[in-house]
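Structural overview
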Protein chains: 2
Amino acid sequence: MIDSRLATVAVVGVGIVGTSIALALRAHGIRVLLADNSGRAVDIAVRRGAGERLAEGGPPADLSVIAVPPASVPRTLRDAQSRDMALVYTDVSSVKVAPVHRARELGCDMTGFVPGHPIGNDVASGPGAARADLFRGRGWVLCPEENTRPEAVTLVRRLAELCGAVPVLMDAETHDRIAALISHAPHLVASAMAGALADAAPEMLWLGSVGLHDVTRLAAADPVLWTEILSENARWVSSVLSDIAANLVDVCAALQLAGTGDYSFIGDVTTLLRKGRAGQRRLTEAEHPDKD
Amino acid sequence: MIDSRLATVAVVGVGIVGTSIALALRAHGIRVLLADNSGRAVDIAVRRGAGERLAEGGPPADLSVIAVPPASVPRTLRDAQSRDMALVYTDVSSVKVAPVHRARELGCDMTGFVPGHPIGNDVASGPGAARADLFRGRGWVLCPEENTRPEAVTLVRRLAELCGAVPVLMDAETHDRIAALISHAPHLVASAMAGALADAAPEMLWLGSVGLHDVTRLAAADPVLWTEILSENARWVSSVLSDIAANLVDVCAALQLAGTGDYSFIGDVTTLLRKGRAGQRRLTEAEHPDKD
């Protein structure tokens, strides 16, 4: 099934996200052109069947997917646009406000750029970990602005659908607030918990339950990439995290007191546990809005 | 395969842990007698093939498994011993120091009591969720004291092995310190994160990745039972948690500053993420000590 308007797609950045998108597009017979600062990464992606190496000076692709870390999006977008790499552009980074703001400052053409964020990958990285179905059934947030061309939005929507994802439109600010809550803060919470295990004896850690592995799994992600993501969304992340940290400080104090035999504030612990169970249930029951 | 010395086992408390142990023993042809404050729970366990209802006034069982929440262990043990329910006793609660201390204060016979903690269940509860293989391949901590009879320890070790678990001996203080790190603090961290989701719009939560579900899964546990567990191990839990909370407060401050454009302390975020990744790797690589 080849979409007449999406015959050729250029993917800049063949990490797990870019390569997974490329693999999904290839499965639909779409021509995919691959670029990356790392020639070796492109080699791996090509060998995996994700497409062919992007050659300089070819005709513009229908769409270019800028699949680089958030802080690199503005410059990469500007460079791609200055070379007429494509007619329409989108990105995949998990922060939207700051990169969009800097892209505008750099003089990028914002009418043909649809900021995007396919949600699906948590900790894996590199083209070797890519999968054509990485985004199947998942949300793919699009944050077009007032002056974004409607046909550009339609094209990127089509990209999401070709990857099996569900496009969800919202403004960049809303996206970043939600991303802080459902992705960025959880990463830090997992890291803080996992960090407490760093000095533990292995024969003790072996006793850990599945639940311990679950709660710490996100901590496996790349610290440098995640420092960048958290920095780019620092205001919303710190806002979400300050409540979580304050709650932990409170229950810690209640338990310190309980340890001395004074159970005056033990009710605070129950309150947090109850609220946690309510939130967990809400998450488990959440279904995407279009679902019957 | 019937162990001559473990022909009859009484299980007091047919929640998920007691009933899972009963099912494992029944699979070995061992006679299991079931008791619980809830007659309905016993009915469910009996229907699931976990054993028969414990009758008053029978001969002592070879072993009684006190499978009740930690704060109820001392009184339940004393009552069982006063009725000569069994020759040897063990419990399954995830806190050891405080219940053992109170059992001694209540005048329980400590020479025939082997404090135990089979590790495996995280959030499920009730006899309906029980599984014969719940503890297969998992650790089962035993905390005998100086005056515990060696043959009692041998018998409870055998119980663990019949459930497919790996017995691990340590003192009660060491157990509680480890349990705080690998089970109790993680529960609170998961609850604090999940609590932040309690007021979020479902159409936003739907966007959450597998990682978000993982990090919050433990929050599904029973708040009342877990308040009891955390209270019983309050000193160690607060000790572990204070470091985690302090780290989150620190990175929160660093991100608040970053949100104003001042990245002076952003290195603290990377440090936490790096330490988290080291801890997560250490957990993933941890294998039980007897493994080749």
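Residues numbered from 1 in each chain as written. Chains lettered and ligands numbered in written order. Predicted model: local features only at pLDDT ≥ 70, side-chain atom pairs only at ≥ 80, totals over all residues. Heavy atoms only, no water.

Attention now moves to the overall build of chain A. In terms of regular secondary structure, chain A is built from 11 helices and nine strands. Projected onto the principal axes, the alpha-carbon positions of chain A cover approximately 75 × 45 × 40 Å. The proportion of buried residues among the 292 residues of chain A is 57%. Taking the intrachain contacts of chain A between residues at least 6 apart in sequence as the baseline, contacts between residues at least 24 apart amount to 71%. Entry remark: accessible area of chain A is about 11700 Å², with carbon and sulfur atoms responsible for 49%. For chain A, the distance from the average position of its 28 positive side-chain charges to the average position of its 34 negative side-chain charges is 4 Å. (Helix = DSSP H or I, 4+ residues; strand = E, 2+ residues; numbered from the N terminus. Buried < 20%, exposed > 50% of the residue type's maximum accessible area, 1.4 Å probe, protein only. Contact = heavy atoms within 4.5 Å. Areas by Shrake-Rupley, 256 points an atom, 1.4 Å probe, with all protein chains shown as cover. Lys, Arg positive; Asp, Glu negative; His and termini not counted. Charge placed at Lys NZ, Arg CZ, Asp CG, Glu CD.)

Quick look at the pairing of strand S2 (residues 31–35) of chain A now. Residue and element names in this part refer to chain A. With four of its five residues buried, S2 lies for the most part within the structure. Bridging between strand S1 (residues 8–12) and S2 involves five bridges; their strand directions are parallel. Opposite Thr8, over in S2, you have Arg31 as the bridge partner. Handedness of the crossover joining S1 and S2 through helix H1 (residues 16–27) is recorded here as right-handed. Examined bridge by bridge, S2 and strand S3 (residues 52–53) share two bridges and lie parallel to one another. The residue bridging Leu34 from the neighbouring strand is Arg53, located in S3. (Pairing = 2+ DSSP bridges. Right-handed = clockwise from strand over helix to strand, strands pointing away.)

What follows concerns the packing of helix H11 (residues 266–285) of chain A against helix H9 (residues 223–232) of chain B. Here H11 of chain A crosses H9 of chain B at 140°, and the two axes come no closer than 9 Å. In terms of orientation, H11 of chain A lies oblique with respect to H9 of chain B. In this structure, H11 of chain A meets H9 of chain B at a crossing whose hand is right-handed. Of the residues in H9 of chain B, those in contact with Ile266, Val269, Thr270, Leu273, Arg274 and Arg277 of chain A of H11 of chain A are Pro223, Val224, Trp226, Thr227, Leu230 and Ser231 of chain B. Grouping the constituent residues of the contact of H11 of chain A with H9 of chain B by class yields seven nonpolar, three polar and two charged. (Axes fitted to C-alpha atoms, helices over the stretch in contact; angles between N-to-C directions. Parallel < 35°, antiparallel > 145°, perpendicular 65-115°, else oblique. Left-handed = near helix turned anticlockwise from the far one by under 90°. Nonpolar A, V, L, I, M, F, W, Y, C, P; charged D, E, K, R; others polar.)

It is worth spelling out empty space enclosed by the protein at this point. To find leftover empty space, a probe the size of one water molecule is rolled over the atoms. Inspection of the entire model under this criterion finds one cavity of 30 Å³ or more. Considering only enclosed or pocket space, the largest cavity measures out at about 30 Å³ in volume. Forming the walls of the largest cavity are Ser209, Gly211 and Leu212 of chain A together with Asp122, Ile182, Ser183, Pro186, His187 and Leu218 of chain B. Mapped onto the lining of the largest cavity, the elements with two or more residues apiece are helix H8 (210–216) of chain A together with helix H6 (172–195) of chain B. Take the lining of the largest cavity: its biggest share by element is four residues, from H6 of chain B. For the lining of the largest cavity, the residue count by class is four nonpolar, four polar and one charged. (1 Å grid on protein atoms, 1.4 Å probe; cavity = no way out; pocket = protein on both sides within 12 Å on 5 of 7 lines; lining within 4 Å. Points joined across faces, edges and corners; volume = space filled by probe spheres on them.)

Time to look at the sheet that holds strand S3 (residues 52–53) of chain B. Residues and elements named next belong to chain B. Spatially, six strands are ordered S3-S2-S1-S4-S5-S6 in an open sheet, and the strand pairing comes out parallel. Each edge of the sheet is formed by a strand with only one pairing partner; in this case those strands are S3 and strand S6 (113–114). Note: strand S4 (residues 61–66) against strand S5 (residues 86–91), five bridges, orientation parallel. Paired with Leu63 across the bridge in S5 is Val88.

Let us now look at the sheet that holds strand S8 (residues 139–142) of chain A. Hydrogen bonds between backbone atoms are what pair the strands of a sheet, whose relative direction is either parallel or antiparallel. Residue and element names in this part refer to chain A. Strand order in the open sheet made by the three strands is S7-S8-S9, with mixed pairing throughout. Single-partner strands in this sheet number two, and they are strand S7 (116–118) and strand S9 (166–169). This sheet shows a mean twist of 20° between the axes of neighbouring strands, independent of strand direction. For S8 and S9, the ladder comprises four bridges, and the chain directions are parallel. Looking at S9, one finds that Val141 is bridged to Val168.

This part takes up the relation of the copies chain A and chain B. Overlay of chain A on chain B (RMSD 0.0 Å): rotation 180°, translation along the axis 0.0 Å. Expressed as a symmetry operation, the mapping of one chain copy onto the other fits a two-fold axis. Every residue of chain A has its C-alpha some distance from the rotation axis, and the shortest such distance is that of Val215 of chain A, at 1.9 Å. An overlap of 100% is found between the interface residues of chain A and their copies at the interface of chain B, pointing to a shared contact surface. (Least-squares fit on C-alpha atoms with pLDDT ≥ 70 in both.)

Below, the discussion takes up the domain arrangement of chain A. Residue and element names in this part refer to chain A. Each domain of chain A was delimited in the assignment, giving domain 1 (8–170) and domain 2 (175–285). Each of domain 1 and domain 2 was reduced to a C-alpha centroid, and the two centroids are 32 Å apart. Taken together, the contacts link 17 residues of domain 1 with 16 residues of domain 2. Across the interface of domain 1 and domain 2, roughly 1200 Å² is buried in total on both sides, 65% from carbon and sulfur atoms. Broken down residue by residue, the surface that domain 1 buries against domain 2 is led by Ser94, Val95 and Val123, which jointly contribute 38%. Linking domain 1 to domain 2 there are one salt bridge. Between Glu232 and Arg102 there is a salt bridge; the shortest N-O distance is 3.2 Å. (Domains from an automatic or database assignment. Buried area = accessible area lost by both parts, 1.4 Å probe. Salt bridge = Lys/Arg side-chain N within 4 Å of Asp/Glu carboxyl O.)

An ideal rise of 1.5 Å per residue puts 28 Å on 20 residues; helix H11 (residues 266–285) of chain B measures up with 29 Å between its terminal C-alpha atoms. Among all positions in H11 of chain B, only Ile266, Val269, Thr270, Leu272, Leu273, Gly276, Gly279, Gln280 and Leu283 of chain B are buried. Looking at the buried positions of H11 of chain B, the neighbouring elements they touch are helix H6 (172–195), helix H7 (202–205), H8 and helix H9 (223–232) of chain A together with helix H10 (234–259) of chain B. (Expected span 1.5 Å × (residues − 1).)

As a further point, take the interface of chain A and chain B. Listed as interface residues are 90 residues of chain A and, on the opposing side, 90 residues of chain B. Both sides of the chain A and chain B interface together cover about 8300 Å² of buried area, and 75% of this is carbon and sulfur. Three residues stand out in chain A for area buried against chain B, namely Trp206, Leu207 and Leu283 of chain A, and they jointly supply 10% of the buried area on that side. Viewed at the interface, chain B and chain A are joined by two salt bridges. A salt bridge links Asp214 of chain B to Arg217 of chain A; the shortest N-O distance between them is 2.8 Å. For the interface between chain A and chain B, the tally reads 12 residue pairs in polar contact (both at pLDDT 80 or more). The dominant element in the side of chain A that touches chain B, judged by the number of residues it contributes, is helix H10 (residues 234–259) of chain A, at 16 residues. Considered class by class, the residues forming the side of chain A that touches chain B number 56 nonpolar, 21 polar and 13 charged. (Polar contact = N/O pair within 3.5 Å; in protein donor to acceptor, adjacent residues only side chain to side chain.)

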